Amino acid sequence: DEARRWCGRDPTWRDVAARCALLERLAGDRTSADHWLNLVESLDARRAGLLRAEIALAEWRPLDAEQILSPLVGSHPDDAHALDLLSTALASQRRWDEALVLVGDLERRHPAEIAWKIRRAEWVYRRAPSAPALRALEDLVKDHARRLDARLALAGSYAEAGKLQQ
């Protein structure tokens, strides 16, 4: 079909198909989501595995995501996207120390990427809430106020601390 032809030609279109699968799944349309997922899987089994993990995380199934991602990371330890998803799965299970090890690895590999610094600051605070850890997260968010992930990290930390009105 036409979608397969376009997706087979260009990896960008595979990512579009993956986004469609995730959005359809979140919207509750499993049939359409499975169509897109099957398309991605027929073209790139690894990308389909990452997509299955993203869907599991979006559906609050972090253990399922971890089980999908662990072999993917084992076979491709340099895949930043897979490491990011795995760290998120671990953090979603409140396995902060393990998640922070992976984020530290990502920071070392990609020192200019601010997303890892934001995650680290948020997870350090959530692992052991303290005024200095919260200030460190707040300072990072002030420095990167235009980043949605920074604002969401701070809002989530405030919510967990009962300080959302700030």
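Refer to the structure above for everything that follows.
Residues numbered from 1 in each chain as written. Predicted model: local features only at pLDDT ≥ 70, side-chain atom pairs only at ≥ 80, totals over all residues. Heavy atoms only, no water.

Chemist: Quick question: what am I supposed to make of the pattern of salt bridges here?
Modeler: Any two side chains of opposite charge can pair, so long as their charged atoms come close to each other. In this structure the tally under the stated criterion is 20 salt bridges. Across the salt bridge formed by Arg109 and Asp78, the nearest N and O atoms sit 3.1 Å from each other. Of this pair, Arg109 sits in helix H7 (residues 96-109) while Asp78 sits in the loop between helix H5 (62-75) and helix H6 (80-92), and the two are 31 residues apart along the sequence. Classification of Arg109 by relative accessible area gives partly exposed; the value is 33%. The salt bridge involving Asp84 is made with Arg119; its shortest N-O contact spans 2.7 Å. Highlighted residues: Asp84 in helix H6 and Arg119 in helix H8 (residues 114-127), separated in sequence by 35 residues. Salt bridges linked by common partners bring Asp15, Arg19, Arg47 and Glu54 together as one network. (Salt bridge = Lys/Arg side-chain N within 4 Å of Asp/Glu carboxyl O. Helix = DSSP H or I, 4+ residues; strand = E, 2+ residues; numbered from the N terminus. Buried < 20%, exposed > 50% of the residue type's maximum accessible area, 1.4 Å probe, protein only.)

Chemist: Even after reading the chapter, I still don't get the packing of H6 against H8, so can you show me in this structure?
Modeler: The description of two packed helices rests on the angle between their axes and on the distance between the axes. Direction vectors running N to C along H6 and H8 enclose 15 degrees, while the axes themselves pass 12 Å from each other. Relative to H8, H6 is oriented roughly parallel. Viewed along their axes, H6 and H8 form a crossing whose handedness is left-handed. In this structure, H6 uses Asp84, Ser87, Thr88 and Ala91 to contact H8, whose residues at the interface are Trp116, Arg119 and Trp123. Residues that form the contact of H6 with H8 fall into these classes: 3 nonpolar, 2 polar and 2 charged. (Axes fitted to C-alpha atoms, helices over the stretch in contact; angles between N-to-C directions. Parallel < 35°, antiparallel > 145°, perpendicular 65-115°, else oblique. Left-handed = near helix turned anticlockwise from the far one by under 90°. Contact = heavy atoms within 4.5 Å. Nonpolar A, V, L, I, M, F, W, Y, C, P; charged D, E, K, R; others polar.)

Chemist: Just to check I follow, could you spell out the side chain of Asp79 for this structure?
Modeler: Its place among the elements puts Asp79 in the loop between H5 and H6. The class of Asp79 is buried, set by a relative accessible area of 18%. Among the polar contacts listed, one links the side chain of Asp79 to the side chain of Arg46, at a separation of 2.6 Å. Setting aside residues up to four positions removed in sequence, Asp79 forms contacts with Arg46 and Leu50. (Polar contact = N/O pair within 3.5 Å; in protein donor to acceptor, adjacent residues only side chain to side chain.)

Chemist: Got a minute to help me understand the nonpolar core in this structure?
Modeler: When a protein is soluble and globular, its nonpolar side chains tend to lie buried together. Counting residues in each nonpolar core, the largest one holds 24 residues, and the members touching the most others are Leu50, Ala65, Leu69, Leu86 and Trp123. Sorting the residues of this core by element identifies helix H4 (45-58), H5, H6, H7 and H8 as the ones contributing at least two each. Here this core gets 7 residues from one element, more than from any other, and that element is H6. If sequence neighbours within four positions are ignored, Ala65 has contacts with Ala53, Ala56, Leu57 and Ala89. Leu137, Ala153, Leu154 and Tyr158 belong to the second largest nonpolar core, which has 13 residues in total. (Core = buried A, V, L, I, M, F, W, Y, C linked by side-chain atoms within 4.5 Å.)

Chemist: How do you make sense of unusual backbone geometry when you look at a structure like this?
Modeler: Where the residue is not glycine, phi is negative for most of them; where a peptide bond is considered, it is trans in most cases. A positive phi angle, close to 60 degrees, is found at Trp60, a residue other than glycine. Along the chain, the position of Trp60 falls in the loop between H4 and H5. Its relative accessible area of 75% is what places Trp60 among the exposed residues. Here the phi dihedral of Arg94 falls at roughly 65 degrees; this positive angle occurs in a residue that is not glycine. Mapping Arg94 onto the fold places it in the loop between H6 and H7.

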